[in-house]
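# Chains, contacts and geometry: an overview
Letter by letter, the chains look like this.
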Amino acid sequence: MPVRMSESSRAGHGRGVGLGLAIVSAIAFGGSGVAAKPLIEAGLAPLHVVWLRVAGAALVMLPLAVRHRALLRTRPALLAGFGLLGVAGVQAFYFASISRIPVGVALLVEYLAPALVLGWVRFVQRRPVTPAAALGVVLAVGGLASVVEVWAGLRFDALGLLLALGAACCQVGYFVLSDQGSDSGEGAPDPLGVIAYGLLVGAAVLTVVSRPWNMDWSLLAGSTDMNGTPVAAFLLLSWIVLVATVIAYVTGVVSVRRLSPQVAGVVACLEAVIATVLAWFLLGERLAAPQIVGGVVVLAGAFIAQSSAPARTSLEPVASGGPEREPSARENAV
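So, a few notes on the structure that sits alongside this text. (Residues numbered from 1 in each chain as written. Predicted model: local features only at pLDDT ≥ 70, side-chain atom pairs only at ≥ 80, totals over all residues. Heavy atoms only, no water.)

## Considering the overall build of the protein chain
- Within the protein chain one finds 14 helices and two strands.
- A separation of at least 24 residues holds for 85% of the contacts in the protein chain among residues at least 6 apart in sequence. (Helix = DSSP H or I, 4+ residues; strand = E, 2+ residues; numbered from the N terminus. Contact = heavy atoms within 4.5 Å.)

## A few points about the environment of Thr251
- Tracing the backbone through its elements, the reader meets Thr251 in helix H10 (residues 233-258).
- Considering only alpha carbons, one finds Thr251 and Ile23, 228 residues apart in sequence, at a separation of 8.7 Å.
- Those residues in contact with Thr251 that sit more than four places away from it in its chain are Leu21, Val24 and Ser25.
- In this structure the side chain of Thr251 is engaged in a polar contact, spanning 2.7 Å, whose partner is the backbone oxygen of Ile247.
- A polar contact of 3.3 Å, which involves the side chain of Thr251, links it to the backbone oxygen of Ala248. (Polar contact = N/O pair within 3.5 Å; in protein donor to acceptor, adjacent residues only side chain to side chain.)

## What to know about the pairing of strand E1 (residues 223-226)
- Here E1 shows a clear split, with Thr224 and Met226 buried on one side and none of Ser223 and Asp225 buried on the other.
- The antiparallel hairpin formed by E1 and strand E2 (residues 229-232) contains two residues in its connecting segment, where Asn227 sits at a positive phi of about 55 degrees. (Buried < 20%, exposed > 50% of the residue type's maximum accessible area, 1.4 Å probe, protein only. Pairing = 2+ DSSP bridges.)

## Section: the nonpolar core
- The biggest cluster of nonpolar side chains holds 78 residues, and the ones touching the most others in it are Phe82, Leu199 and Tyr249.
- For this core, the element with the highest residue contribution is H10, accounting for 12 residues.
- Residues Ala113, Val121, Val172 and Val176 belong to the second largest nonpolar core, which totals five residues. (Core = buried A, V, L, I, M, F, W, Y, C linked by side-chain atoms within 4.5 Å.)

## Examining helix H9 (residues 191-210)
- In a regular helix each residue adds 1.5 Å, so 20 residues correspond to 28 Å; H9 covers 27 Å between its end C-alpha atoms and thus fits that length.
- N-capping of H9 is provided by Asp190, with a side-chain oxygen placed 2.8 Å from the backbone N of Leu192.
- A positive backbone phi angle near 50 degrees is found at Arg211, which sits one or two residues after H9. (Expected span 1.5 Å × (residues − 1).)

## Side note on the packing of aromatic side chains
- Per the stated rule, a full pass over the model turns up six aromatic pairs.
- Relative to Tyr249, the ring of Phe29 has its centre 5.2 Å away and its plane inclined at 80 degrees; by these criteria the two rings are edge-to-face. Of this pair, Phe29 sits in helix H1 (residues 2-41) while Tyr249 sits in helix H10, placing them 220 residues apart in sequence.
- Look at Phe29 and you get buried, because its relative accessible area is 12%. (Phe/Tyr/Trp six-rings, centres within 6.5 Å; stacked < 30°, edge-to-face > 60°.)

## Points about a nonpolar patch on the surface
- Where nonpolar side chains cluster on the molecular surface, the patch consists of Leu112, Leu116, Leu159, Leu162 and Leu165 and spans about 390 Å² of accessible area.
- A per-element tally of the nonpolar patch places helix H8 (residues 158-178) first, with three residues.
- Along the chain, Leu159 turns up in helix H8. (Patch = residues over 30% accessible without salt bridge, like charges linked within 9 Å, V, L, I, M, F, W, Y side chains within 5 Å. Areas by Shrake-Rupley, 256 points an atom, 1.4 Å probe, with all protein chains shown as cover. Salt bridge = Lys/Arg side-chain N within 4 Å of Asp/Glu carboxyl O.)

## Some thoughts on the pairing of E2
- Here four bridges tie E1 to E2, and the two strands are oriented antiparallel to one another. Note on E2: the bridge partner recorded for Asp225 is Pro230.

## Considerations on the packing of helix H4 (residues 76-97) against H9
- As a packed pair, H4 and H9 sit with axes 7 Å apart at the nearest point and diverge in direction by 55 degrees. As the angle between them shows, H4 and H9 are arranged oblique. Between H4 and H9 lies a crossing of right-handed hand. On H9, the residues touching Leu78, Leu79, Ala80, Phe82, Gly83, Leu84, Val87, Ala88 and Ala92 of H4 are Gly193, Val194, Ile195, Tyr197, Gly198, Leu199, Val201, Gly202, Val205 and Leu206.
- When its residues are assigned to classes, the contact of H4 with H9 shows 15 nonpolar, four polar and no charged. (Axes fitted to C-alpha atoms, helices over the stretch in contact; angles between N-to-C directions. Parallel < 35°, antiparallel > 145°, perpendicular 65-115°, else oblique. Left-handed = near helix turned anticlockwise from the far one by under 90°. Nonpolar A, V, L, I, M, F, W, Y, C, P; charged D, E, K, R; others polar.)

Below, the structure written as structure tokens:
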């Protein structure tokens, strides 16, 4: 019995750490838009900002790519898939979609990803889905509809909606691929190596799409306006690269391995809430009452989904959190 209690305690601690990392990841990802918007308003094209973000992060993570170069031989498909879907795909599809449909609608469609993850778990992996997990997804998506005020600019554009759905599918790939090998113990691919090579692949793909050689590089040497306050463009870019990309991806991937793709996906819905709140404080974009209520509903959905995760030895459905996995030494180091 004492050993059993010890295992339960470790499982609860691991889930708590995973939840904390998922929240940090959502905060980091959520801060990207607030920093990117002044750069875009200063004259940089959205795709150029995305390329700077991914290429800069790939450069930062390059030493780790060299260190984990064995992954090129052992896990080439995982690295290519993570780079194409989890990095380049999400970014490219999202920015293409907002060129045709309102940002709020694009965000709502993209964050259908948690529901799609549940569909993947139920119909592809053929694992049962708990009612609590489904309820958490419904609440999170419904709350997001209020946060982004989807009704304010709703208009039908078939191609735009398909592009946003493409971003959602790529985000599913991000969560599913982040979890690959997590139950292999010490044989699991190092998450830092996967992220490093994913960013390199994403940077290569986005280079072809964004054509950075046409960018006005002089804009990065000047200052931008953030709600009336001048801020150096280089500082905003540094935040986007180091916090909104490197820290966001590292904490996000490790949180998926400690929780599960479906739970981490629901918690990731907080990104839209955080982005809206940061825009309120830093850019002067005020929140309406429905947005505040929607944010509370998203929080409730995330809490319900993550708190229903069964213990490792449980025979209950795993789609609400999956069996708790003992983190490897590498993940503990992260």
